[in-house]
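Observations on the three-dimensional arrangement
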Amino acid sequence: MVLGNKLGSFLGVNLAFGFGVSMGMHVAGKISGAHMNAAVTFANCAIGLMSWMKFPVYVLGQFLGSFLAAATIYGLFYGAIMEYSDRHLTVAGPIATAHIFATYLPDHMTLWRGFLDEVFVTGILQLCLFAITDKKNNAALQGTEPVVIGILIVIIGVSLGMNTGYAMNPSRDLPPRFFTFIAGWGTQVFRANNWWWVPVVAPPLGAYLGGIIYLVFIGSTIPREPPALEQFTESEDHRRSVILRTTPHQTSSSLTHVSVIPENRLPVRPARPLSDPIRTQQF
């Protein structure tokens, strides 16, 4: 975008965004569950899947990381930004560069249509996240979740991202916007179309609605699986062993000895058993 679409494209931006999320999930997946989105964190707390005690800690980490990321991008591409903008950092116009860091409402959208758009796309995100990670549903294979979620981000961006830039995350919009405010873009980053509050309010609402829709209309209708065959076999084996332990066993034969030896010959004593009777408890 900064280089006038010569070395980049809308698809390239979405691919980088989606697979950047995948890498973040690999890095922080075992630490925080890869909570990089304040809207998703809010939805999980509101639905009851996560404690509210974690919410301010997670959001603080998200905001700090996003602010530092904006500062890093500004430092890396400082020369390109200044050359493209002729050292005039603006929010609107043909050489605007503020949209590199945060979302801004385009001319063909109104404020409330943009609000509904952010609610919708974030709702789709949260609904699909629940589907991808729900073990009772057709969940992604273990270990492939980051790639699948990255592809989900790309799909949402390519298909629905043109209207508002699909913020979907207060943590990735408000801290970079604040950075541009102190880095030279000025107060216009908050005044332009009075848009700044929409990426903060609409995504949590959309994520909550998307989560509720999944749990009510999809998660609650998934049929329960019958008990596993192994569990049934184990219970039967346990019951059989209990019966064997409680059944008394005889230590001598109940058959009557009948002699077929002639009277003029000495009787032959029966041989003693080679071993004790088998104990059924051992089986």
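Residues numbered from 1 in each chain as written. Predicted model: local features only at pLDDT ≥ 70, side-chain atom pairs only at ≥ 80, totals over all residues. Heavy atoms only, no water.

**What to know about the side chain of Asn44**
With respect to the element layout, Asn44 can be found in helix H2 (residues 38–47). In terms of polar contacts, Asn44 uses its side chain to reach the backbone carbonyl oxygen of Val40, at 2.7 Å. The residues touching Asn44, leaving out its near neighbours within four places in the chain, are His35, Leu49, Met50, Gln126 and Phe130. (Helix = DSSP H or I, 4+ residues; strand = E, 2+ residues; numbered from the N terminus. Polar contact = N/O pair within 3.5 Å; in protein donor to acceptor, adjacent residues only side chain to side chain. Contact = heavy atoms within 4.5 Å.)

**Digging into the packing of aromatic side chains**
Applying the stated criterion across every chain yields a total of 18 aromatic pairs. Ring centres of Phe101 and Trp185 lie 5.5 Å apart, and the angle between their planes is 65°; this geometry places the pair in the edge-to-face category. In this pair, Phe101 is assigned in the loop between helix H4 (78–85) and helix H5 (111–133) and Trp185 in helix H7 (residues 174–185), connecting sequence segments 84 residues apart. Taken individually, Phe101 and Trp185 each receive the classification buried, so the pair is uniform in this respect. Of the aromatic side chains, those joined through ring pairs into one cluster are Phe67, Tyr74, Tyr78, Phe101, Phe178, Phe179, Phe181, Trp185, Phe190 and Trp196. Between Arg172 and the ring centre of Tyr166, over which it is positioned, the NZ or CZ distance is 6.0 Å. In this arrangement the basic side chain of Arg177 is found over the ring face of Tyr104, its NZ or CZ atom lying 4.7 Å from the centre. (Phe/Tyr/Trp six-rings, centres within 6.5 Å; stacked < 30°, edge-to-face > 60°. Buried < 20%, exposed > 50% of the residue type's maximum accessible area, 1.4 Å probe, protein only. Lys NZ or Arg CZ within 6 Å of the ring centre and 35° of its normal.)

**Examining the nonpolar core**
One finds Leu125, Ile156 and Met168 to be the most contacted residues of the largest nonpolar core, which totals 15 residues. Broken down by secondary-structure element, the contributors of at least two residues to this core are helix H1 (10–32), H5 and helix H6 (145–160). Ala70, Tyr74, Val91 and Phe179 belong to the second largest nonpolar core, which has 14 residues in total. (Core = buried A, V, L, I, M, F, W, Y, C linked by side-chain atoms within 4.5 Å.)

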